[in-house]
Amino acid sequence: MMKKIGLFTGSFDPITKGHVDLIERASQLFDQLYVGIFYNKAKQGFFPVEERLQMVEASLAHLKNVTVITSSDQLAVSVAEELGATHLVRGLRNGADLAYEMSMEFYNQALSQKLDTIYLTSKLAHREISSSGIRELLHFGAAIDDYVPQAVVAALEKEK
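Each chain carries its own residue numbering, running from 1 in the direction its sequence is written. Totals for whole chains, interfaces and linings use all residues, but because this is a predicted model, local features are given only for residues with pLDDT of at least 70 and pairs of side-chain atoms are given and counted only at 80 or more. With hydrogens and water stripped out, all remaining heavy atoms of the structure feed into the side-chain values.

Chemist: Explain the pattern of salt bridges residue by residue, including any values.
Modeler: Each reported salt bridge corresponds to a side-chain nitrogen of Lys or Arg within 4 Å of a carboxyl oxygen of Asp or Glu. A full pass over the atoms with the stated rule returns five salt bridges. Across the salt bridge formed by arginine 52 and aspartate 13, the nearest N and O atoms sit 3.7 Å from each other. Remark: aspartate 13 occurs in the loop between strand 1 (5-10) and helix 1 (17-27) and arginine 52 occurs in helix 2 (residues 49-60); sequence separation between them is 39 residues. You'll find arginine 52 and aspartate 13 in the same group, each marked buried. The partner of arginine 93 in a salt bridge is aspartate 97, and the shortest N-O contact between them spans 3.1 Å. Within this structure, Asp21, Arg25 and Lys123 form a network of salt bridges that share partners. Think of it this way: any DSSP run of H or I at least four residues long counts as a helix, any run of E at least two long counts as a strand, and we number them from the N terminus. Residue exposure (1.4 Å probe, protein chains only): buried if accessible area is under 20% of the type maximum, exposed if over 50%, otherwise partly exposed.

Chemist: Explain the packing of aromatic side chains to me, and be specific about the residues and the numbers.
Modeler: Two aromatic rings from Phe, Tyr or Trp, using only the six-membered ring of Trp, form a pair when their centres are within 6.5 Å; if the ring planes differ by under 30 degrees the pair is stacked, by over 60 it is edge-to-face, and anything between is tilted. Per the counting criterion, the structure on display carries three aromatic pairs. Look at phenylalanine 46 and phenylalanine 47: their rings are 5.0 Å apart centre to centre, the planes differ by 75 degrees, and that puts the pair in the edge-to-face class. A relative accessible area of 42% places phenylalanine 46 in the partly exposed class. Taking 5.1 Å as the distance between ring centres and 80 degrees as the angle between the ring planes, the aromatic pair formed by phenylalanine 106 and tyrosine 107 counts as edge-to-face.

Chemist: Outline helix 4 (residues 95-111), listing residues and values.
Modeler: One less than the number of residues in a helix, times 1.5 Å, gives the span that helix is expected to have. Across its 17 residues, helix 4 extends 25 Å between first and last C-alpha, which sits within 8% of the 24 Å expected from 1.5 Å per residue. Listed as buried for helix 4 are Asp97, Glu101, Glu105 and Asn108. Viewed along the axis of helix 4, the buried residues span an arc of 70 degrees, placing them on a single side of the element. Seen from the buried face of helix 4, the exposed residues on the opposite side, beyond 90 degrees, are Gly95, Ala96, Ala99, Phe106 and Ala110. Any pair of residues with heavy atoms lying within 4.5 Å of one another is described as a contacting pair. Along its buried surface, helix 4 packs onto helix 3 (76-83), strand 4 (87-92) and strand 5 (116-121). Polar contacts, as used here, are pairs of N or O atoms within 3.5 Å; protein pairs need one atom able to donate a hydrogen and one able to accept it. Residues neighboring in sequence count only if both atoms are side-chain atoms. Regarding helix 4, its N-cap is asparagine 94, as a side-chain oxygen of that residue lies 3.1 Å from the backbone nitrogen of alanine 96 further along. By construction, the arc corresponds to the directions joining the helix axis to the C-beta atoms.

Chemist: An account of the nonpolar core is requested, with residue identities and associated values reported.
Modeler: For our purposes a nonpolar core is just a set of buried Ala, Val, Leu, Ile, Met, Phe, Trp, Tyr and Cys residues, chained together by side-chain atoms within 4.5 Å. Phe12, Ile23, Leu33, Val35, Val56 and Leu60 are the most contacted members of the largest nonpolar core, which has 29 residues in total. Contact partners of leucine 60, with chain neighbours within four places excluded, come to Val20, Ile23, Val35, Val66 and Val68.

Chemist: Break down the sheet that holds strand 4 for me, with residues and values.
Modeler: Strand pairing requires that DSSP identify at least two bridges connecting the strands. Read across the open sheet, the five strands follow the order 3-2-1-4-5; overall the sheet is parallel. Pairing within the sheet leaves two strands with one partner each, and these edge strands are strand 3 (66-72) and strand 5. Each neighbouring strand pair of the sheet contributes to a mean axis angle of 30 degrees, computed without reference to strand direction. As paired elements, strand 1 and strand 4 share three bridges and run parallel to each other. Note on strand 4: the bridge partner recorded for leucine 7 is leucine 88. Relative to the sheet, helix 1 contacts strand 1, strand 2 (32-39), strand 3, strand 4 and strand 5, its axis offset from that of strand 5 by approximately 125 degrees. Axes, fitted as lines to C-alpha atoms, cover a helix only where it is in contact. Angles between the N-to-C directions of the axes lie from 0 to 180 degrees. Sitting on the sheet, helix 2 touches strand 2 and strand 3, and the angle it makes with strand 2 is about 155 degrees.

Chemist: Which residues make up helix 2, and what values do they have?
Modeler: Taking 1.5 Å per residue, twelve residues should reach 16 Å; helix 2 reaches 16 Å between its end C-alpha atoms and fits that length. Looking only at helix 2, the buried set comprises Val49, Glu51, Arg52, Met55, Val56, Ser59 and Leu60. Projected down its long axis, helix 2 shows its buried positions confined to an angular sector of 155 degrees, all on one face. In helix 2, the exposed positions angled more than 90 degrees off the buried face are occupied by Glu50 and Gln54.

And the structure:
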């Protein structure tokens with residue numbers, strides 16, 4: 001029987017409780033789940049990639065079948081094929097996410113007919129949480145503890 005291998009990608013800048021919930025649920029569907037921190041070298045993220053990697057790994061350490069990777073300047077489809085992934089995993093918070101993800105799925109299927117995409121919807125408690133919203137709260141010095149894993153809070157406290 002073929003192993004089911006998933007790839008869940010994002011910038012995770014920073015990882016949120018919504019991301020963690022989706023990854024926990026996705027990890028139950030696959031023998032192996034890769035979480036890919038994808039970034040563009042030409043763009044400056046809020047958190048450096050190395051710090052994002054540490055925060056994501058700490059936030060997901062309890063999931064034994066999850067491996068965190070980083071990638072730049074590669075399509076998710078290419079990385080998925082290198083990893084032997086059978087599925088791309090995407091999270092949906094709302095209709096705008098669905099429209100965007102379906103457009104991406106169109107191209108992904110054109111590039112690789114072997115990969116399928118599955119969508120997990122955010123739980124109501126996490127539906128409005130976004131990394132960009134967290135970054136805005138941080139910019140104005142607002143508390144983010146309710147929206148991000150403790151690893152993110154700890155990293156920010158260490159920087160103070």
